Amino acid sequence: MELFELTIHELHEKLKRKEVSSVEAARAVLARIEAVEPQVHAFITVTAKEALQDAAAADKRIAAGDVDLLTGIPIALKDIFLTRGVRTTCASRILENFIPPYDGTCVAKLRERGMVLVGKLNQDEFAMGSSTESSHFGVTRNPWHTDYIPGGSSGGSAAAIAAQQATATLGTDTGGSIRQPASHCGCVGLKPTYGRVSRYGVIAYASSLDQVGPVTRDVTDCAILLEAVAGYDPKDSTSVNLPVPDYVRGLANGVKGLKIGLPKEYFIAGLDPEVKKAVEAAIATYRSLGAEFVEISLPHTDYAVATYYLIATAEASSNLARYDGVRYGHRSAEAKGLVEMYAKTRAEGFGMEVKRRIMLGTYALSSGYYDAYYIKAQKVRTLIMHDFLKAFEQVDLLLTPVAPTPAFKIGEKTSDPLQMYLSDIFTIPVNLAGTCGISVPAGISQQGLPIGMQLIGKPFGEETILRAAYAFEQATEWHRQKAKI
Amino acid sequence: MSSKYQVVIGLEVHVQLLTDTKIFCGCSTKFGAVPNSQSCPVCLGLPGALPVLNRKVVEFAIRAGLATNCQIAQRSVFARKNYFYPDLPKGYQISQFELPICLGGHLDIEAEGGTKRIGITRIHMEEDAGKLVHVDIPGVGDDSCVDLNRACTPLLEIVSEPDMRSPDEAIAYLKKLHQIVVYLGICDGNLEEGSFRCDANVSLMPKGSAKLGTRAELKNINSFRFIKQAIEYEMERQAEILDEGGKVIQETRLFDPNAGTTRSMRGKEEAHDYRYFPDPDLVPLVVSDDWVEDVRLSLPELPEMKRQRFAKELGLSDYDTEVLTASRELADYFEASLALYPQAKIVANWVMGEVTRALNEENRAISDCPVTPKLLAALLQLIEQGTISGKIAKTVFDEMYKTGHEPARIVEEKGLLQVSDSGAIEQIIDQVLAAEAGQVAAYRSGKDKLFGFFVGQVMKASKGKANPALVNEILLKKLNG
Amino acid sequence: MKITRQEVEHVARLARLELTEQEADTFTGQLDAILAYVDTLKELNTDGIIPTAHAVPMENAFREDEVQPSIGVENALANAPARAESFFRVPKVIE
């Protein structure tokens, strides 16, 4: 096994036993990046020099006996995380040359634990998209089949795991942006409950929906990385002051006696037969492991996409007002006077999908439409949230598909934004309800593309879905399948 | 202005709060630092930065609400006001909109014809913008410069009902509000530095009408004098429009203090649509009854209550109580002096007289008056004991003000003891009468009014030290004898 | 039609986005389709439903009034497209 193929826990054992050094691991990962990057393009910035410095520092810590689970582990971050001194673009031209003067809370936590940062990953511009095609820095390709999208918006985070260009990565999930690419690339991806992980230093798309989460090779790594970034942060007013459980320790508790809900609205006509088959097989596996299934209803599912696109774009239209060419970022060289400077700077700096969402969000908040669109959407959000709370009175978790189909072809949906939006139908409700969800590899299509299933937990029920995901992983071989690149 | 119209005025006052740090980050709020030196990811509006509310700002808002008889909302919400301007880092201002922290208060002012109640619609918390300035830096030309030190500084916006009916009422309300926020210790009250800023909504309606006219919002008024000028100018302007059968446009107008006029801010008006919505980066603010009660108990005695107490307990006149309660520090000084020399009227006269005069001459604050309440009381004791005359006391006061020395020491060093020895006084009187033989003859022939002249001459000859009562007594005897 | 070309242009001005003729046309069509889709929400009766801002109930997050170090003028201005001494520099407002 090559060093770049290992999981966090496998590499950690080798580092701890001093079988390999962190510098060796970093070199192996950097060489792998160089080898496959021309085909995959998962990265916006590779931080080779910094990575080797981080690794040397990690080796010193290890030599001194100070070995944390993450010390010396090569990690890459979606380019939405602010990294002090390392360019952070959010895949936008408007931040093409932005060098942050500070680290976000997650980044600071990982640095403190000795992570080796190997680079910043591609994504949809400002996390707005489901395919990583809206990046200013070009598309990322699915390592399983490079004609296909890797999913999005955290496409680089999932592709880098599938192509073994990092041991683990972090992404963000506003409407499925971790779970859907994880599903399309055959990785494990978890969106925590809103408030579980600090958003400080993470570029905002939609503040009431955004959450940070891990994308990893297996469930154990997912638990390790979640535990590392979770927790209350006084710098984020929306982070929740609840203790962080020992997620790793709880993994092996099994699913015997767990009640799993199957929302009937998620098993619809448009569901791809291969996806359906994979989910059915997963149900059978769980039954054999002693879990119980109950059909439940989430009656407002059909309204989730519309609700999401009003709330997310409204918040985004305001969150992205700060990119005005005054204090940082791109400024148009063409403009005469202030008003023109704003309009040209933003026209040049933002791509079409970002502009489209700013337009929609501005419209939804504008005078005369606020109640009809924004407030209406927030009320429907209440109904969707109640659907989940009601379901969780009967069951411990839900099992659903992640996306209606496996990954689609690059360019297939770019001309029809609405069709693209609808591909997030199974992930969006989880963000609206503020709860947690995980995508776990559960099959491979005839095209050779991975298919994931989604486990949805109660608010702050990450332990339960991780445990269920682990049981499934132990019982199946899907997570051992590798992209042939 | 033609007497056909009644002016209607509502005021929006922005009060800059006296916290050490900004409303949503830990940067200092000190005035006058190097541009952009008091900044961090939050107040620069950097990507990824998030606001966290300063607890003190909430406490100050509750203080202001209680002092202006408002209801303190159990639950209030911060909202984003979206607009683009270079001094507004995030492209939105965090403010409160639908659910402000204080609602429905009032202040009573002294108006023509008695006390008048002015309604307070609401008080809300918000962040200030930075400053867009034009600086003479070589090579910069026409460009503007942005300093974000002030960005994110905490403000209260206090909005009145349109209850004022003259510029004088508006000024009375503003002065009262200013006095209260300074008393509360939540604002330094500095108008020039912009700590207390006022926008005025001014409209006219036909006298006797109940229907409000279209209003203009006047901005950039930073002194009590200017508010009167601005409103009066605006009254004339609107009256002219109405007289000619025109319509007043609802708009924002900028006051120009140099010209004393207001001018339209068209252009900035372009499609004002602030798209307020609750800020998803902040959580609802819930203020418990206990918190409100704690703040209520910590409130200082407000000027109104102080005045009533001074009048009732000390028997001081309306004028005296008003002057003495003008600032919390002056009232404290008065009370501290009174505790040591319990004669209210005498202490009041000295505080309003010599003390205030001396401070005003140097533009000095009462808090660093060299004549402490203890020294003042000692001086008043000397007068009461007859050690010095009232006149000499003023000389002693000036010396105390200069040196900070004890009055007894000054009296001794300068030889200012009052002369109460009748022999010595008789001697001086004899000299004066001898020197003024002509006037003595005139007095004796019936010019009684000259008596005062002789007293003056004697006091002058004694350098003010002669006991005035004895002078009167002996002089009368000698002249009439 | 849910949205007109004029409205699209107005919204673009509010959002400070200069649109080309072609972009304005494209957005008019696309936003119209999206708005027609989101109108499905109108089927739902939401009378008396309280709007949800955050799905996880939250209230009262404070910091104490204690000064923290600023990041310094050079850090503040490091990414500025234009500066003058320690100010950010912007074109003047043309009315």
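Section: the overall build of chain A
Each helix and strand in chain A was counted, giving 15 helices and 11 strands. Radius of gyration (C-alpha) of chain A: 21 Å, near the 23 Å computed for a compact globule of 485 residues. Across its three principal directions, the C-alpha atoms of chain A cover 65 × 55 × 45 Å. Taking all 485 residues of chain A together, 70% fall into the buried category. As displayed, chain A offers around 14,500 Å² of accessible surface, 49% of which is attributable to carbon and sulfur atoms. Separation of charge centres in chain A, based on 51 positive and 53 negative side chains, amounts to 2 Å.

Notes on unusual backbone geometry
Residue and element names in this part refer to chain A. Put simply, G152 and S153 share a cis peptide bond, and its omega is 5 degrees. Within the secondary structure, S153 sits in the loop between β3 (116-121) and α5 (155-162). Although it is not a glycine, Q164 sits at a positive phi angle of roughly 60 degrees. Residue placement: Q164 occurs in the loop between α5 and β4 (168-173).

Remarks on the pattern of salt bridges
Per the counting criterion, the structure on display carries 63 salt bridges over all chains. Here E18 of chain C makes a salt bridge to K344 of chain A, at a shortest N to O gap of 3.1 Å. Of the two residues, E18 of chain C is situated in the loop between α1 (5-14) and α2 (21-38) and K344 of chain A in helix α10 (residues 338-349); the pairing between them involves two chains. Of the charged contacts in the structure, one is a salt bridge between D281 of chain B and R80 of chain B, with a shortest N-O distance of 3.0 Å. Remark: R80 of chain B occurs in strand β5 (residues 78-82) and D281 of chain B occurs in the loop between β16 (277-278) and β17 (285-286); sequence separation between them is 201 residues. Grouping residues by exposure puts D281 of chain B and R80 of chain B together as buried.

Some words on the sheet that holds strand β8 (residues 114-127) of chain B
Residue and element names in this part refer to chain B. Ordered by their spatial adjacency, 9 strands build an open sheet running β3-β7-β8-β11-β1-β12-β13-β14-β15, and the pairing between neighbours is mixed. Two strands bound the open sheet, and with one partner strand each, they are β3 (71-72) and β15 (261-264). Pairing between β3 and strand β7 (residues 102-111): 2 bridges, direction antiparallel. Bridging across to β7, I72 finds its partner in C102. On the sheet, helix α1 (residues 55-67) packs against β3, β7, β8 and β11 (154-160) and is oriented at approximately 165 degrees with respect to β8. Helix α3 (residues 224-243) contacts β1 (5-16), β12 (196-206), β13 (216-221), β14 (251-256) and β15 of the sheet and is inclined by roughly 25 degrees relative to β12.

Considerations on the interface of chain C and chain A
Residue-level contacts link 51 residues of chain C with 64 residues of chain A. Buried surface at the junction of chain C and chain A, summed over both partners, amounts to about 5,200 Å²; 70% is from carbon and sulfur atoms. If you sort the residues of chain C by the area they bury against chain A, Y37, L41 and N79 of chain C come out on top, with a joint share of 13%. Counting across the chain C and chain A interface gives 2 salt bridges. Linking chain C with chain A are 18 residue pairs in polar contact (both at pLDDT 80 or more). The leading source of residues in the side of chain C that touches chain A is α2 of chain C, at 9 residues.

Remarks on the side chain of S208 of chain A
By the element assignment, S208 of chain A lies in the loop between β5 (188-191) and β6 (211-216). There is a polar contact of 2.7 Å between the side chain of S208 of chain A and the side chain of E315 of chain A. Among all residues touching S208 of chain A, those that are not within four sequence positions of it are Y194, I311, E315 and R381 of chain A, P280 of chain B together with A53 and H54 of chain C.

What about the confidence of the model for chain C?
Scored by pLDDT, chain C comes out at a mean of 95, with 98% of its residues at no less than 70. If you check the scores for this complex, the pTM reads 0.92 and the ipTM reads 0.97.

Quick notes on the sheet that holds strand β9 (residues 397-401) of chain A
All names here are of chain A. Across the sheet, which stays open at both edges, the 11 strands sit in the order β1-β3-β2-β4-β6-β5-β10-β11-β9-β7-β8 with mixed pairing between neighbours. Strands with a single pairing partner mark the edges of an open sheet, and in this sheet they are β1 (43-46) and β8 (292-296). Shown here is a sheet whose adjacent strand axes are inclined to one another by a mean of 30 degrees, direction ignored. As paired strands, strand β2 (residues 74-78) and β3 are joined by 5 bridges and run parallel to one another. Counterpart to A76 in the pairing with β3 is G119. On the sheet, helix α8 (residues 273-288) packs against β7 (259-263), β8, β9, β10 (436-444) and β11 (450-457) and is oriented at approximately 55 degrees with respect to β11. Sheet strands touched by helix α15 (residues 462-475): β5, β9, β10 and β11. Its angle to β10, the strand with the most contacts, is close to 10 degrees.

Some details on the packing of aromatic side chains
Per the stated rule, a full pass over the model turns up 29 aromatic pairs over all chains. Cluster of aromatic residues (ring-pair linked, three or more members): F98, F126, Y323, Y328 and F350 of chain A. Against the face of F408 of chain A rests K413 of chain A, its NZ or CZ located 4.5 Å from the ring centre. It is K81 of chain B that lies over the ring of Y274 of chain B; its NZ or CZ is 4.3 Å from the centre.

What to know about the environment of C152 of chain B
All names here are of chain B. Mapped onto the fold, C152 is located in the loop between β10 (144-147) and β11. A relative accessible area of 3% means that C152 is categorised as buried. Sequence spacing of C152 and V42 is 110 residues, and the spatial spacing of their C-alpha atoms is 8.5 Å. Setting aside residues up to four positions removed in sequence, C152 forms contacts with K22, I23, F24, C25, C43, E127 and D128.

Description of the packing of helix α5 (residues 303-314) of chain B against helix α7 (residues 328-340) of chain B
All names here are of chain B. Following both chains from N to C, one finds α5 and α7 inclined at 25 degrees, their axes separated by 12 Å at the closest point. Our classification of the angle between α5 and α7 gives roughly parallel. Once α5 is placed against α7, the crossing between them reads as left-handed. Residue-level contacts link K306, R309, F310 and L314 of α5 to A331, D332, F334, E335 and L338 of α7. Among the residues forming the contact of α5 with α7, the class breakdown is 5 nonpolar, no polar and 4 charged.

Things to note about the pairing of strand β6 (residues 92-96) of chain B
All names here are of chain B. Of all 5 residues that make up β6, 5 are buried, and the element is covered over most of its length. Alternating residues of β6 divide into Y92, I94 and Q96 and Q93 and S95, and every residue in both groups is buried. Pairing geometry for β5 and β6, over 5 bridges, is antiparallel. Across the sheet, the residue bridging to A79 is S95, located in β6.

Things to note about the interface of chain A and chain B
Contacts between the two partners involve 38 residues from chain A, matched on the other side by 31 residues from chain B. Taken over both partners, the interface formed by chain A and chain B buries close to 2,700 Å², and the fraction arising from carbon and sulfur atoms is 60%. It is S237, R322 and R327 of chain A in chain A that bury the most area against chain B; as a group they hold 22% of the surface buried on that side. For the interface between chain A and chain B, the tally reads 1 salt bridge. Of all the secondary structure elements, the ones that give two or more residues to the side of chain A that touches chain B are α9 (304-319), α10, α11 (352-365) and α12 (370-394) of chain A. Looking at the side of chain A that touches chain B element by element, the count peaks at 4 residues for α9 of chain A. A per-class count over the side of chain A that touches chain B returns 20 nonpolar, 10 polar and 8 charged.

Overview of the packing of helix α8 (residues 344-362) of chain B against helix α9 (residues 373-384) of chain B
A pair of packed helices is captured by two measures, namely the crossing angle of their axes and the spacing between those axes. Residues and elements named next belong to chain B. At a minimum axis distance of 11 Å, the contact between α8 and α9 shows a crossing angle of 115 degrees. As for the relative orientation of α8 and α9, their crossing is right-handed in sense. In contact with I346, V347, W350, V351 and V355 of α8, α9 contributes L376, L379, L380 and I383. In the contact of α8 with α9, the residues fall into 9 nonpolar, no polar and no charged.

Topic: the domain arrangement of chain A
Residue and element names in this part refer to chain A. As far as domains go, chain A holds domain 1 (3-253) and domain 2 (302-380). Computed over C-alpha atoms, the centres of domain 1 and domain 2 are 27 Å apart. Both faces considered, domain 1 and domain 2 share a buried interface measuring about 1,700 Å² in area, 62% of it formed by carbon and sulfur atoms. Ranking the residues of domain 1 by area buried against domain 2 places I94, M128 and Y205 at the top, with a combined share of 40%. Applying the counting criterion to the domain 1 and domain 2 interface returns 0 salt bridges. Summed over the shared surface of domain 1 and domain 2, the result is 11 residue pairs in polar contact (both at pLDDT 80 or more). Residue composition of the side of domain 1 that touches domain 2, by class: 10 nonpolar, 7 polar and 2 charged.

Rules behind the numbers
Residues numbered from 1 in each chain as written. Chains lettered and ligands numbered in written order. Predicted model: local features only at pLDDT ≥ 70, side-chain atom pairs only at ≥ 80, totals over all residues. Heavy atoms only, no water. Helix = DSSP H or I, 4+ residues; strand = E, 2+ residues; numbered from the N terminus. Rg over C-alpha atoms; globule rule 2.2 N^0.38 Å. Buried < 20%, exposed > 50% of the residue type's maximum accessible area, 1.4 Å probe, protein only. Areas by Shrake-Rupley, 256 points an atom, 1.4 Å probe, with all protein chains shown as cover. Lys, Arg positive; Asp, Glu negative; His and termini not counted. Charge placed at Lys NZ, Arg CZ, Asp CG, Glu CD. Salt bridge = Lys/Arg side-chain N within 4 Å of Asp/Glu carboxyl O. Pairing = 2+ DSSP bridges. Contact = heavy atoms within 4.5 Å. Axes fitted to C-alpha atoms, helices over the stretch in contact; angles between N-to-C directions. Buried area = accessible area lost by both parts, 1.4 Å probe. Polar contact = N/O pair within 3.5 Å; in protein donor to acceptor, adjacent residues only side chain to side chain. pLDDT = per-residue confidence, 0-100. Phe/Tyr/Trp six-rings, centres within 6.5 Å; stacked < 30°, edge-to-face > 60°. Lys NZ or Arg CZ within 6 Å of the ring centre and 35° of its normal. Parallel < 35°, antiparallel > 145°, perpendicular 65-115°, else oblique. Left-handed = near helix turned anticlockwise from the far one by under 90°. Nonpolar A, V, L, I, M, F, W, Y, C, P; charged D, E, K, R; others polar. Domains from an automatic or database assignment.

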